[in-house]
Amino acid sequence: MLPINKITHRLCFMMSKTLYITCCCGCCSALRPRYKRLVDNIFPALPQDGLVKSNMEKLTFYSLSSPEKLDRIGDYLFQKASRDIYRRRHGFVIIAMEAMDQLLLACHSQTLNLFVESFLKMVQKLLESTDPQLQILATQSFVRFANIEEDTPSYHRRYDFFVSKFSAMCHSNHTDKPTRDSIRLAGIRGLQGVIRKTVSDDLVENIWEAQHMDKIVPSLLYNMQGAEKYETVLCLEPETDTREGIEEPPKLAEACLRELVGRASYGHIRSVLRPVLTHFDRHELWLPCDFAVHIFKIIMFSIQAQYSYSVVEALMQHLDASGGGSGTRVRAARATVLSNIVAIAAGDSVGPSVLEIINNLLTNLRASVARDSEKESDERLYQEALINALGEFADHLPDFQKIDIMMFIVSKIPSGRGKPTKADCMLQSILLKSLLKVGTTYKTTELSKAFPAAFLEALLRVSSTSEARTRALLQRILHTLLDRRANAPLLIVPTVNYEQLGLTVEKCSRPDLIFISKHGYAIFSSLYEGLQLESNTAENISAIYTTLSLLAIELASEETVCDMLQLILAIQQSAISNPVLSAAQQCQLHAVAVALAALVPHVLVLPPLGDYVKQIIEARREEAEHMLPPLSDEYDVPPNKLPNKLPYLMIDQMALGECLKASGIEPSRLQTASPYTGGATVGLAHRHSWVEAGATQGRDSLADISAGPVTELDSANSSPGVQRHPAQSESVSLEALRRAASGPSEAERRDAERRKVSLNNTFRTAPFDHLLHITQPKYEIQDKLEEIFNSISEEPLLPVGAGSPAGKTQNQVQPYTKYLTELFLY
């Protein structure tokens, strides 16, 4: 056993050692850095007690007074939180994160960089945990940090991890739906925070790079496509567009997408659109197209107005790139999306961008027709969608640009000359449908503005195409551009009962009269020739009737009534004389002629003309109803009731003239040669050539002498080589002189005046081509001149006599000097 003193000594040693250790620990604790002691003091004994606020205030004051300690404070908090995460002491982790947030908000922007690195490490540590509560807590802290504006840029920060982690949270598939929605909402808010933190500073990481956009955009779209219904508005309501106010992932994702697109500059638009298009392609979201329309409308409404054209351009390029590789219905869905958004971009598209869009649409139409020409397929859906896009785009453009677009479309239509191929016929039809779609958006004010010369010429050229459906489509385009008073729907079917239709008629303006005086012959001739085609159906003839009716209403004037009646007479005459027309087509033309004849007095209020037309209508109702509207595809007409067998039921030219005269309208133009029937006056004998008529009028009284009952003139050689009888010639000469001295009779003067007025009207109103046609002589001028010169050389005009050297006379007028000038008027 040990002695008592040894035991006592050892106990004293142990007690002194314990006291030394206690004193050392106390001294060491007192010697620890102050920031650590302040950080330790903010943690309570139990985590449920929460942050010790009084100690937190001390730590905040210390941080503000010693900002150089911020990085150490943050690093120490991160170390404590990391140990607590490892030990699953989540209560103390939450307290540490709360302290981090308070210090972050209390720091000035100049000293923020000293603390941010530790803060971001803390957020990343929490996001890496598997506890949803910690992930949501970290996201909330990051969002608060993102809303702080920093004056000093940071070059070394990177947000790759945060973009990846927040995107992964957006795709959370947690089994519990409330938890899943909470994680997804946190992920969307985190992406929103990254966007806000990066787009405002060009010196930090470029968020527009493909590696980031390929994660952010699909994550937002993934949450948006889960919505039950898609309601697109111009912008979110102010009270709902808050960080904490939206509690549904689809709505918050939409708000984030709007913010992303709204912050994009021109160079960054494609960075957003490319992953959108890729996402729709990979996940087959084009069909049905409701969601795609919803997304692209959001983009169009959110993007800066001057950049909206880029979205349309990108979508059209996607159409071009896909070509025939995608399914037809998918391409049709893309075109439908385009038709829904192109109108939004139209208001800000000017100059070349307008024609570029139109040209791109037409190019896709032509490519579709090429694919569709071999067989019937769903290409029609795609074509209709492109046509709708074209119409929607044009609807929001000013009128002058609509005319340019229509002229541009017409220039792309294949020529109707020759025998067109099936592809050409389809392309004609498709482009005319596009033209009609644009035309429906145009509001005609003056015909001269709606029909520029080049545009009108191109339209009339297409009217001669061999396809009956194409011609009917062209007439619908004319209806759209001519109808300014909504009369076209009332005139679809030919009728003679216009009192029941309620047509709107206004006086023709002076600019329209000038327009029709320039282009009336070309328009009427084209419509007249369109009625003469053997391939016409009842639809074609009804369409031309509607066009002529609209012309009669829009150009209602006493100056145009004779032209309209002359055309009506020409249509009636062609129904009798055109050998290529069937019996049904003849009846249809007679019905159209009488329907137009009934419209003229209704528009201009000409009672005598109206009474006359009513008499014809009543007579036809009793004896030939097949010569009255409505039109039919087939007629059962006996041979003795064919139109050419019933001349007494026709509209008479002389009667029309008398009706016009009774109404105070000069009918002389109605008596002129019809420009639609090869120069012949409708209902009259064939007119001689203008040369012969002019020469006859040039002889004045000699013409009257030759018109008498005597067949020989009192001239030495009126008939070369024929001897005259002196006694007979003297009597003839006295009679002729007596009639010449007394002057022409009253009837002859009226006839001469009528011929003079007719000639003047012809040369004032008829087109040059028509004048050239009617003035062609029946013989060659060279042959006639040779005949005249031969007759002169064989026998002189006067016999050689005394005082007249060698058959020459002083005052003799040679026939070729009198008529030669007139022959060479043109």
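Definitions and cut-offs
Residues numbered from 1 in each chain as written. Predicted model: local features only at pLDDT ≥ 70, side-chain atom pairs only at ≥ 80, totals over all residues. Heavy atoms only, no water. Helix = DSSP H or I, 4+ residues; strand = E, 2+ residues; numbered from the N terminus. Buried < 20%, exposed > 50% of the residue type's maximum accessible area, 1.4 Å probe, protein only. Areas by Shrake-Rupley, 256 points an atom, 1.4 Å probe, with all protein chains shown as cover. Expected span 1.5 Å × (residues − 1). Axes fitted to C-alpha atoms, helices over the stretch in contact; angles between N-to-C directions. Parallel < 35°, antiparallel > 145°, perpendicular 65-115°, else oblique. Left-handed = near helix turned anticlockwise from the far one by under 90°. Contact = heavy atoms within 4.5 Å. pLDDT = per-residue confidence, 0-100.

Chemist: Is there a simple way to explain the overall build of the chain in this structure?
Modeler: Each helix and strand counted, the chain has 35 helices and 0 strands in total. In the chain, which comprises 826 residues, the proportion classed as buried is 47%. Within the structure as shown, the chain displays about 41900 Å² of accessible surface, and the carbon and sulfur contribution to it stands at 53%.

Chemist: Where do I start with helix H13 (residues 290-302) in this structure?
Modeler: Every α-helical turn comprises 3.6 residues, leaving residues that sit three or four positions apart pointing alike. The end-to-end C-alpha separation of H13 is 18 Å, in line with the 18 Å expected for 13 residues at 1.5 Å each. The element H13 is extensively covered by neighbouring structure, given that 10 of its 13 residues are classed as buried. Within the sequence span of H13, burial applies to Phe-291, Ala-292, Val-293, His-294, Ile-295, Phe-296, Ile-298, Ile-299, Met-300 and Ser-302.

Chemist: How should the packing of helix H18 (residues 399-411) against helix H21 (residues 453-462) be read in this particular structure?
Modeler: To describe two helices that pack against each other, one gives the angle between their axes and the distance between the axes. Between H18 and H21, the shortest axis-to-axis distance is 10 Å and the interhelical angle comes to 40°. Taken together, the axes of H18 and H21 are oblique relative to one another. Crossing handedness for the pair H18 and H21: left-handed. Seen from H18, the contacting residues are Met-406, Met-407 and Val-410; seen from H21, they are Ala-454, Phe-455, Ala-458 and Leu-459.

Chemist: Mind showing me how you'd approach unusual backbone geometry here?
Modeler: If a residue is not glycine, its phi is most likely negative; likewise, a peptide bond is most likely trans. Of note, the amide linkage connecting Leu-287 to Pro-288 takes the cis form, showing an omega dihedral of -10°. Position of Pro-288 among the secondary structure elements: in the loop between helix H12 (269-282) and H13. Of note, the amide linkage connecting Pro-629 to Pro-630 takes the cis form, showing an omega dihedral of 0°. Within the secondary structure, Pro-630 sits in the loop between helix H27 (607-623) and helix H28 (653-662). With a phi close to 60°, Arg-88 is a non-glycine residue in the positive phi region.

Chemist: Could you clarify how one ought to interpret the confidence of the model for the chain in this entry?
Modeler: Note: predicted coordinates in regions of low pLDDT should not be interpreted at a detailed level. A residue-level look at the chain finds 75% of positions with pLDDT of 70 or above and a mean pLDDT of 78. For the chain, per-element mean pLDDT is lowest for helix H30 (residues 701-706), which scores 35, and highest for helix H24 (residues 538-554), which scores 94. Here residues 683-732 is modelled with pLDDT under 50, and outside its nearest four sequence neighbours on either side it reaches 55 contacts, counting other chains as well. pLDDT under 50 marks residues 815-826. Its contacts with residues more than four places away, or in other chains, come to 21 contacts.

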